[in-house]
Amino acid sequence: MQQYAWQVIYASSQYGPSTTISYNAINVTGQPKNYPVYGEHSDSYLLPSYGNWRKLAPSYAPEFGLHTVSAVDNPPVDDFIVVDFGTIVCPMGLEVYETMNPGSIYRIWAYTEFSKWVVLWDKRFDRILADIRNHPPGLTRVFVPDIRAIEARTCVLRFEFCTLDLDYIPGIDGMLVRSLLDDPRDFRPREYTKFVRASGDDSDSDECDEPSLNVLPYEMIFKICSFLDLKSLRSASMVSSTFNNVVRDTRLYRVLNMRPYWMNMDSQLLAWLKGRCTGIRKLDLSWCGLLNSITARDLQSFLQQHGCTLTHLRLNSVAFPDGTNFLLSLCPNLTELCVQNMELRDVFPLDSKLTKLTRLDISGGSMSAAALENLLKLNTSLQHLNLSCFKYETFQIADTIGRYNRELISLNLFKTRALSAVDLVPLAKCTKLQELNLGYANHEEVREGDLSRLLKACPGLRKLVLAGFRDVLNNDLLTVAQHCRGLEYLDLMGCLTVSGVSVNAIFMGCPELRLLELHHCNQISHSWLAEWRRLYMDVDIKYQLF
């Protein structure tokens, strides 16, 4: 029996907003539509990033709370997609049709009939089966992993991606599961280890009279526990009443990152943590909550008790189907709020106490225009604002940013279609910008000269994305070359009118340049490309016409 992906349950990242199907995750469903034709097919699934550039950008937010997490538990995965194949089976084989830059899949999970997540394949430990349909490296291929046998059935798979080693964005055209139609085996659950008990209460093990670690001073046991990850802490609490008391010490839970443990995170574990997190400062629950393992009510209960002490809260791709209406009111002391792909339904008044934000990431999510406008007005110290693929109600967002958020270091408006013909003028007041993403951000033609004036006002720019931005002129590139000499990353994909002469000025005026995107720039000749690649070998030049 074979079956193609039936529906996408969740995707942490997509190349476009959820209001469209172009390049988005929904395109992995059904039979392959483009394989074996290589290219940026709009009806395939494209991931939005590649390489190490995201970590080198001024907007990068370093991870926290991972110093005790082992590398095995924290692989270098960036994104994921959860797919339903419709019919519950015991998987015997997988095929993934990769139509651009194959090699992004890092780990595959199955959600079994016993409500457990089980690893099917891990790039670090498992091999790829030889397949006669594989094409040479860099072209399309059928990815056939040597999946592990599991003693359970499933119809839901999770694919995790790592794009650090890729030199451009990957594309996937379809997914296939192979299985026996009628498997005669008697399916019985394995004893999967999980560090959450069925009960939220701790029970003490019996003390013994033999010499043990229990005789150590409290602070020495605490020091030992400070080096343990959460799974080990959970186990240590069962050793004895002495260890149980130490594990309850709230100092061990001031900084928590649960993203590596998304497969174990549920309402019981969150309740267990809630009793220990007095004084918590930083919390990352990103990727948790899939398939209703954590509900919005669970999170609300946690934040009602501990939200006031939080300064950093990350809830990226936390799958609450009904959104939330409490986040902005329960965490008044936040300096960082990252809620990618989340629907915020908060009514945010101008007398709110949430006024200390320096980082706000609501990319891929949504909230009311009034709430967003008030949030921007109150947080005048904002340094990083990411609205990529944000679903918004029309309001003068550029004017608000230009009036109230002049401390911005990074601004991402990728695929928002939020900018009108005059909106570049107020953005020029944000003179401290080091990173600016205007890719596909405008819905009207900009006035000639406005982009040049904006770029001239931001001499500290290190990363500039103008992909698909209407009316990028050669004079605009000359302005970059003259005023933005520290530029390291420039994306001009789809800027059809730029010439080789103006791009050459970028090379001459920006000695720190390390990446230049020129895909679909039809006015650039191959002679120019050959000359640049000969003279500027330190610059990664992306150019291809599909």
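See the structure above.
Residues numbered from 1 in each chain as written. Predicted model: local features only at pLDDT ≥ 70, side-chain atom pairs only at ≥ 80, totals over all residues. Heavy atoms only, no water.

Visitor: Any chance you could explain the overall build of the protein chain here in plain terms?
Guide: Counting its regular elements, the protein chain contains 14 helices and 22 strands. A globule of 546 residues ought to have a C-alpha radius of gyration of about 24 Å, and the protein chain, at 25 Å, matches this closely. For the C-alpha atoms alone, the extent of the protein chain along its principal axes is close to 80 × 60 × 40 Å. For the protein chain, the proportion of its 546 residues judged to be buried stands at 55%. (Helix = DSSP H or I, 4+ residues; strand = E, 2+ residues; numbered from the N terminus. Rg over C-alpha atoms; globule rule 2.2 N^0.38 Å. Buried < 20%, exposed > 50% of the residue type's maximum accessible area, 1.4 Å probe, protein only.)

Visitor: Is there a simple way to think about the sheet that holds strand 2 (residues 7-11) in this case?
Guide: Across a sheet, strands are paired by hydrogen bonds formed along the backbone, either parallel or antiparallel in direction. A sheet is described by the order of its strands in space; here five strands give the open sequence 2-4-9-6-7, paired in antiparallel fashion. Sheet topology places strand 2 and strand 7 (117-122) at the edges, where each strand pairs with a single neighbour. When strand polarity is set aside, the average angle formed by the axes of neighbouring strands in this sheet is 25 degrees. One ladder, built from four bridges, connects strand 2 with strand 4 (residues 79-89); its direction is antiparallel. Paired with V8 across the strands is V83, a residue of strand 4. (Pairing = 2+ DSSP bridges. Axes fitted to C-alpha atoms, helices over the stretch in contact; angles between N-to-C directions.)

Visitor: Mind showing me how you'd approach the packing of helix 5 (residues 267-274) against helix 6 (residues 296-306) here?
Guide: Helix-helix packing is described using two parameters, namely the angle between the two axes and the distance between the axes. Contact pair helix 5 / helix 6: the axes reach a minimum separation of 10 Å and the direction vectors enclose 5 degrees. One element, helix 5, and the other, helix 6, form an angle in the roughly parallel class. Taken together, the residues of helix 6 that come into contact with helix 5 (itself represented by S267, L270, L273 and K274) are D298, L299, S301, F302, Q305 and H306. Here the contact of helix 5 with helix 6 is composed, by residue class, of four nonpolar, four polar and two charged. (Parallel < 35°, antiparallel > 145°, perpendicular 65-115°, else oblique. Contact = heavy atoms within 4.5 Å. Nonpolar A, V, L, I, M, F, W, Y, C, P; charged D, E, K, R; others polar.)

Visitor: What is the right way to read the environment of A481 from this model?
Guide: Structurally, A481 can be placed in helix 12 (residues 474-483). In the structure, A481 is positioned 26 residues away from F507 in sequence and 7.7 Å away in space, judged by C-alpha atoms. Ignoring anything within four residues of it in the chain, the contact list for A481 reads A505, I506, G509 and C510.

Visitor: Before we go on, may I ask you to explain the sheet that holds strand 18 (residues 435-437) in this structure?
Guide: One open sheet holds the 12 strands; their spatial order is 11-12-13-14-15-16-17-18-19-20-21-22, and the pairing between them is parallel. Two strands in the sheet have a free side with no partner beyond their single neighbour: strand 11 (255-257) and strand 22 (540-542). When strand polarity is set aside, the average angle formed by the axes of neighbouring strands in this sheet is 5 degrees. Relative to strand 14 (residues 336-338), strand 13 (residues 312-314) is paired through three bridges, and the arrangement is parallel. Of the residues in strand 14, the one forming a bridge with L313 is L337.

Visitor: Any chance you could explain the packing of helix 12 against helix 13 (residues 500-509) here in plain terms?
Guide: Interaxial distance between helix 12 and helix 13 falls to 8 Å at its minimum, and their mutual angle equals 5 degrees. By the criterion of interaxial angle, the relationship of helix 12 to helix 13 is roughly parallel. Seen from helix 12, the contacting residues are N474, L477, L478, V480 and A481; seen from helix 13, they are S502, V503, A505, I506 and G509. When grouped by side-chain class, the residues that make up the contact of helix 12 with helix 13 number seven nonpolar, three polar and no charged.

Visitor: In this structure, what is going on with the state of the cysteines? I would like to understand it.
Guide: Tallied over the full model, the rule gives zero disulfides. Sulfur of C458: no disulfide; nearest cysteine sulfur belongs to C430 and is 7.3 Å away. Classification of C458 as buried rests on a relative accessible area of 1%. You can see C495 has no disulfide; the closest cysteine sulfur is in C521, sitting 5.6 Å from it. Owing to a relative accessible area of 4%, C495 belongs among the buried residues under this scheme. (Disulfide = S-S within 2.5 Å.)

Visitor: Explain helix 6 here, please?
Guide: Buried within helix 6 are the following residues: L299, F302, L303 and H306. Taken down its axis, helix 6 places every buried residue within 95 degrees of arc, on the same side. Away from its buried face, by an angle of more than 90 degrees, helix 6 presents the exposed residues R297 and Q304. Check the buried side of helix 6 and you find it contacts helix 5, strand 12 (282-284), strand 13 and helix 7 (327-330). (Arc of directions from axis to C-beta.)

Visitor: How do you make sense of the environment of W117 when you look at a structure like this?
Guide: Examined against the element boundaries, W117 turns out to sit in strand 7. On the basis of relative accessible area, W117 is assigned to the buried category, the value being 14%. Here W117 is in contact with V82, W109, A110, Y111, V156, R158, W262, M263, L290 and L291, once residues within four sequence places are set aside.

Visitor: Whenever I open this one, the environment of R124 confuses me. Can you help?
Guide: Here R124 lies in the loop between strand 7 and strand 8 (141-143). Each C-alpha atom of the pair R124 and Y106 lies 8.0 Å from the other, and the pair is 18 residues apart in sequence. Filtering out sequence-adjacent residues up to four positions away, R124 remains in contact with A71, V72, P75, Y106 and R107. One polar contact links R124 to D122, side chain to side chain, over a distance of 2.8 Å. (Polar contact = N/O pair within 3.5 Å; in protein donor to acceptor, adjacent residues only side chain to side chain.)

Visitor: Is there a simple way to explain unusual backbone geometry in this structure?
Guide: With the exception of glycine, most residues fall at negative phi, and the peptide bonds are largely trans. A cis amide bond, omega 10 degrees, links Y35 with the succeeding residue P36. Locating P36 in the fold gives a position in the loop between strand 2 and strand 3 (45-46). In the Ramachandran plot, N341 falls in the positive-phi region, its phi being about 65 degrees despite a non-glycine side chain. According to the relative accessible area criterion, N341 is partly exposed, its value standing at 27%.

Such coordinate-based values are descriptive only and should not be taken to indicate function.
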